[in-house]
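Descriptive structure summary
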Amino acid sequence: MHQPSETPLAGSVPSAHLKDPEKGLSKPLSRTNTAASVTEGTVANEGYGEYKAVFQTGATQVISLGSNMGSGLFVATGKALFIAGPGAMIFGYGFVTILVFCVLQTLAEMTIAFPVSGNLIDYADRWVDPALGFSAGFALWLGWVAVVGSEATVSVILINFWADGAVHQAVWLSLFLVFVFTLFCLPSQYFAWFEYVTSLIKIVVFLIFIVTSIAIVCGAGPTGKVHHGETWIEHPTFKGGFSGVGNAMMLAVWACGDQIFIGMMGAEAVFPRMAMGRAARMVTGRVIGVYMSALALISVLVPSDDSRLFGGSGAAASPFVIAVENAGIKGLPHLLNAVILIAAVSMACESIFIGSRALRALALQGLVSTHLANVDTSGRPRASLAITAMVSVAFTYINLSSTGAVIFGWFVSITSSSFFCMWIILAITSWRFRKALKVQNDPLFDRVYAWKCTAWPFTPLWLFLGCMVLVVACIYIGIYPNGSSDEVSVTSFFQSMIGLILIIASYIGYKLIFRTRYRNSASMDLITGRRDLSADEITQLDKYYSKPLWRRFLTYLQLW
């Protein structure tokens, strides 16, 4: 039987499995702890109610492909192009996509073995320090609440592509919030279906754009213009020096840094082993391959000084829309704008989902009030949802106090800082997790289909070092927002640094107040929430890996 290198755990059987080297079969390794056993179809936390396992493997596959396709891809890329130039944009996004690979590898290793609802918050608490767990939860919650505000900002700009300011933005913001919160008044499976359908729409339309853009580069469309790279030749390739690159990096982190969402889905997936394993590979391929292909096409089709780009003076905002408009193609700009609007709403819904789960995870671990840990019979953490919703409303209506581009910049700074701070915590947690396994002689990686992080320990090491570069970039653009010492201001500094300052303060404050201690490797909890493969799941994986490589590859293209 073929044993892949990226395999993990899932299931609800309180026994582990070790591979018999002679027969290629699995044999049980007994465990005395039965508390980790989880009833199939639920994600249990005794005394507080249960999440419902609403994400089927096929749906998780599609959602993992489409989850990042929000305004970060469709709109913020235009802002990066406008303020940094095509070269800096490509470099900044390329650097971050490599870090995304590292995030998915390290996160998948722990999530598949321990698909708990708290995910990184739980891991940082139990394997490093409760204060770090609180900081991870606060960063996750703060970053995603800010995403709601930024998506609301973008949605108004997208609507004004048609409305042209005829209706006050307060109306659009209110309708935006009503739709988002109505979805969460329904049972959790409605959210799962909404994310599946919107992800499918985004994937299909995005592929249409890629094919159309290649044709436009070659001279297709009513204008018949063939593009020879004049946007690179006739305009600055790198605007603002390192400040431009730093801004592009921050926008890239905001655009594709939400990989913790994939881990959160793992806790509510029917078959975490298959769902998380496939998602880790597919998201990496999408972010590195699809994102970078789209950016390359945008950089060729849209000049970096186009006033319609977000940050300029126009209302088109999205470089995708501008590209097809410039080619003279009728109808397609409106279709793209509509899909980008759907993407913004979808990302806002993801944000409420993750923010509420993060707050509930903090409550479950006793890091905040346990009243927030309760889950109703429909699988919704109502109290956590309510608090997340209220703060999201406040962040959304802040848009009324200033211009969209200014507010958007503050939200991007908060979210970007939150994301790369979580990545730093993830790298540290991965090292501590591995040390605990070694000290306790845990046979986790000897089990059949046990997932191992590729190139560990270099993967978390590169993630950590890359995040240090992001910290430097964050500080630099706070001091020199446009690469010039003449434009230094307190406002620009705090706009860039506010997220980083809040997260560091949350860790130090919690540490000082509660006097938490670092976990001892010999006594770290490697039992609670551990889910081993059931016999049925092993059979499914045996069947899957018995197929030829080309047939397994085709399953990644399945959209249901």
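That block above? That's the structure.
First, a word on scope: everything that follows refers to the structure included in this document. On a predicted model such as this, the values are computed, not experimentally measured, just so you know.

**Some words on the overall build of the protein**
Counting its regular elements, the protein contains 19 helices and four strands. By residue count, 60% of the 560 residues in the protein fall in the buried class. The long-range fraction of contacts in the protein, counting pairs at least 24 apart against all pairs at least 6 apart in sequence, stands at 82%. Only carbon and sulfur atoms are counted for the fraction: they give 65% of the accessible area of the protein, which is about 20900 Å².

**A word on the state of the cysteines**
Scanning the model with the defined rule gives zero disulfides in all. Cys-474 carries a free sulfur, and the closest cysteine sulfur to it, the one in Cys-421, is 8.2 Å from it. You can call Cys-474 buried: its relative accessible area is 1%.

**What about the packing of helix H6 (residues 169-183) against helix H13 (residues 332-364)?**
Close contact between H6 and H13 brings their axes to 10 Å; oriented N to C, the two are set at 50 degrees. The pairing of H6 with H13 is recorded here as oblique in orientation. Once H6 is placed against H13, the crossing between them reads as right-handed. Facing H6, whose interface residues are Phe-176, Phe-179, Val-180, Phe-181 and Leu-183, H13 presents Ala-344, Val-345, Ala-348, Cys-349 and Ile-352.

**A word on H6**
With 15 residues, H6 should cover 21 Å at 1.5 Å per step; its first-to-last C-alpha distance of 22 Å lies within 8% of that length. Looking at H6, one finds that the buried residues are Trp-172, Leu-173, Phe-176, Leu-177, Val-180 and Leu-183. Around the axis of H6, the buried residues are gathered within 130 degrees of arc, so they sit on the same side. The exposed set on the far side of H6, more than 90 degrees from its buried face, consists of Leu-175 and Val-178.

**Some points on the packing of helix H12 (residues 319-326) against H13**
In contact at an axis separation of 9 Å, H12 and H13 are set at 175 degrees when each is read in the N-to-C sense. The orientation of H12 with respect to H13, classified from their angle, is roughly antiparallel. For the pair H12 and H13, contact is made by Phe-320, Val-321, Val-324 and Glu-325 and by Leu-332, Pro-333, Leu-336, Asn-337 and Ile-340, respectively. Here the residues of the contact of H12 with H13 sort into seven nonpolar, one polar and one charged.

**Re the side chain of Lys-239**
When you line up the elements, Lys-239 lands in the loop between helix H8 (230-233) and helix H9 (242-256). One buried charge, Lys-239, has no salt-bridge partner; the nearest side chain with opposite charge is Asp-305, at 6.4 Å. Engagement of the side chain of Lys-239 in a polar contact is seen with the backbone oxygen of Phe-82, the distance being 3.0 Å. Not counting chain neighbours up to four residues away, the residues in contact with Lys-239 comprise Leu-81, Phe-82, Ile-83, Ala-84, Gly-85, Gly-244, Ser-304 and Asp-305.

**Notes on helix H17 (residues 490-514)**
Along its length, H17 reaches its greatest deviation from straightness, about 55 degrees, at Met-497. Here H17 has its buried residues at Ser-492, Ser-496, Met-497, Gly-499, Leu-500, Ile-503, Ser-506, Tyr-510 and Lys-511. Arg-515, located one to two residues past H17, shows a positive phi value of around 50 degrees.

**Comments concerning the side chain of Ser-304**
By the element assignment, Ser-304 lies in the loop between helix H11 (272-301) and H12. Classification of Ser-304 by relative accessible area gives buried; the value is 2%. Among residues more than four places away in sequence, those in contact with Ser-304 are Leu-81, Phe-82, Gly-85, Pro-86, His-235, Pro-236, Lys-239 and Leu-309.

**Here we look at the pattern of salt bridges**
Counted under the stated rule, the structure contains six salt bridges. Taking the shortest distance from any N to any O, the salt bridge between Asp-125 and Arg-519 comes out at 2.7 Å. Here Arg-519 lies in the loop between H17 and helix H18 (535-545) and Asp-125 lies in helix H4 (residues 120-127), a separation of 394 residues in the sequence.

Here is what the cut-offs are and how they apply
Residues numbered from 1 in each chain as written. Predicted model: local features only at pLDDT ≥ 70, side-chain atom pairs only at ≥ 80, totals over all residues. Heavy atoms only, no water. Helix = DSSP H or I, 4+ residues; strand = E, 2+ residues; numbered from the N terminus. Buried < 20%, exposed > 50% of the residue type's maximum accessible area, 1.4 Å probe, protein only. Contact = heavy atoms within 4.5 Å. Areas by Shrake-Rupley, 256 points an atom, 1.4 Å probe, with all protein chains shown as cover. Disulfide = S-S within 2.5 Å. Axes fitted to C-alpha atoms, helices over the stretch in contact; angles between N-to-C directions. Parallel < 35°, antiparallel > 145°, perpendicular 65-115°, else oblique. Left-handed = near helix turned anticlockwise from the far one by under 90°. Expected span 1.5 Å × (residues − 1). Arc of directions from axis to C-beta. Nonpolar A, V, L, I, M, F, W, Y, C, P; charged D, E, K, R; others polar. Lys, Arg positive; Asp, Glu negative; His and termini not counted. Salt bridge = Lys/Arg side-chain N within 4 Å of Asp/Glu carboxyl O. Polar contact = N/O pair within 3.5 Å; in protein donor to acceptor, adjacent residues only side chain to side chain. Bend = angle between axes of the 7 residues up to and from the residue.

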